[in-house]
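Working through the structure, step by step
Residue-level listing of the chains:
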Amino acid sequence: LAVASRSILIEVTETAKIGNSSVMANLELLRLRGYRVAIDDFGSGYSNLGRLHQLRPSLLKVDKTLIAQDVDDSESFELVNAARQLGSVMGAEVLVEGVETVEQLQLLRSAGVDMVQGFLVARPVPPQQLDAEVRAVADRLDVPFEPTRATGPELPRQRSVRGAEAQESEAS
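Read on for a plain summary of the structure. (Residues numbered from 1 in each chain as written. Predicted model: local features only at pLDDT ≥ 70, side-chain atom pairs only at ≥ 80, totals over all residues. Heavy atoms only, no water.)

What about the sheet that holds strand S4 (residues 93-96)?
Taken in spatial order, the 5 strands line up as S1-S2-S3-S4-S5 in an open sheet, and their pairing is parallel. What marks the edges here is a single partner per strand, and that holds for strand S1 (9-13) and strand S5 (115-116). Note: strand S3 (residues 59-62) against S4, 4 bridges, orientation parallel. Looking at the pairing, Leu59 lines up with Glu93 of S4. Contacts between helix H3 (residues 74-90) and the sheet are confined to strand S2 (36-42), S3 and S4, with S4 contributing the most and set at about 155° to the helix. (Pairing = 2+ DSSP bridges. Helix = DSSP H or I, 4+ residues; strand = E, 2+ residues; numbered from the N terminus. Contact = heavy atoms within 4.5 Å. Axes fitted to C-alpha atoms, helices over the stretch in contact; angles between N-to-C directions.)

Details of the packing of aromatic side chains
The final tally for this structure, using the stated rule, is 0 aromatic pairs. The lysine or arginine in question, Arg123, covers the ring of Phe119, its NZ or CZ lying 4.0 Å from the ring centre. (Phe/Tyr/Trp six-rings, centres within 6.5 Å; stacked < 30°, edge-to-face > 60°. Lys NZ or Arg CZ within 6 Å of the ring centre and 35° of its normal.)

Quick notes on the pattern of salt bridges
Counted according to the given criterion, the structure contains 5 salt bridges. For Glu28, the salt bridge is made with Arg31, and the minimal N-O distance between the two is 3.2 Å. In this pair, Glu28 and Arg31 both sit in helix H1 (residues 21-32), 3 residues apart, roughly one turn of the helix. Residue Arg31 is classed as buried on the basis of its relative accessible area, which comes to 16%. The shortest N-O distance in the salt bridge between Lys61 and Glu97 comes to 3.8 Å. On the criterion of sequence distance, the pair formed by Lys61 in strand S3 and Glu97 in the loop between S4 and helix H4 (102-111) is long-range, its members being 36 residues apart. Judged by its relative accessible area of 10%, Glu97 is buried. One network of salt bridges, with partners in common, ties together Glu11, Asp40, Lys61 and Glu97. (Salt bridge = Lys/Arg side-chain N within 4 Å of Asp/Glu carboxyl O. Buried < 20%, exposed > 50% of the residue type's maximum accessible area, 1.4 Å probe, protein only.)

A look at the packing of H3 against H4
One can describe the packing of H3 onto H4 by two numbers: an axis separation of 10 Å at closest approach and a directional angle of 45°. It follows from the interaxial angle that H3 and H4 lie oblique. Two packed elements cross with a definite hand, and for H3 against H4 that hand is right-handed. Here H3 contributes Phe77, Val80, Asn81 and Arg84 to the contact with H4, which in turn contributes Leu107, Leu108, Ser110 and Ala111. Across the contact of H3 with H4, the residue classes break down as 5 nonpolar, 2 polar and 1 charged. (Parallel < 35°, antiparallel > 145°, perpendicular 65-115°, else oblique. Left-handed = near helix turned anticlockwise from the far one by under 90°. Nonpolar A, V, L, I, M, F, W, Y, C, P; charged D, E, K, R; others polar.)

Keep in mind these numbers describe shape, not what the thing actually does.
Have a look at this one:
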């Protein structure tokens, strides 16, 4: 079974103790080999811009605690917008976790985040139900869904529901 290294995302939680130089060296080696690094739960721990700069993540996963249930909360919007700007400066995509309402999704779209994750999009499903769930979500969000062939009998390829622009760049 062959999987391209760029298809694999190594997630490091913001609160992980990654100050050890060997951990940083191993993450850098993985990055040089084409693996992508994500900072998970960004905003929930002790953000250190210097450490963030060292990690050079491909993806910032903004913790759900930074988005308010009340979409009129301008402070939450500004925090998410700041995380998006930080990701942009670092060349990282920004994903916001914990999106549960259409209003939150609209707010995040207006902030320009790259991706969202949460119960609004989909709830966790067993692997055998993944294709049907992704197709239903794609229909609900009015985005294209084109199933791909499995890379092997045990492990289907990862699918994502993102904008057409991202899917076109993946296809090339």
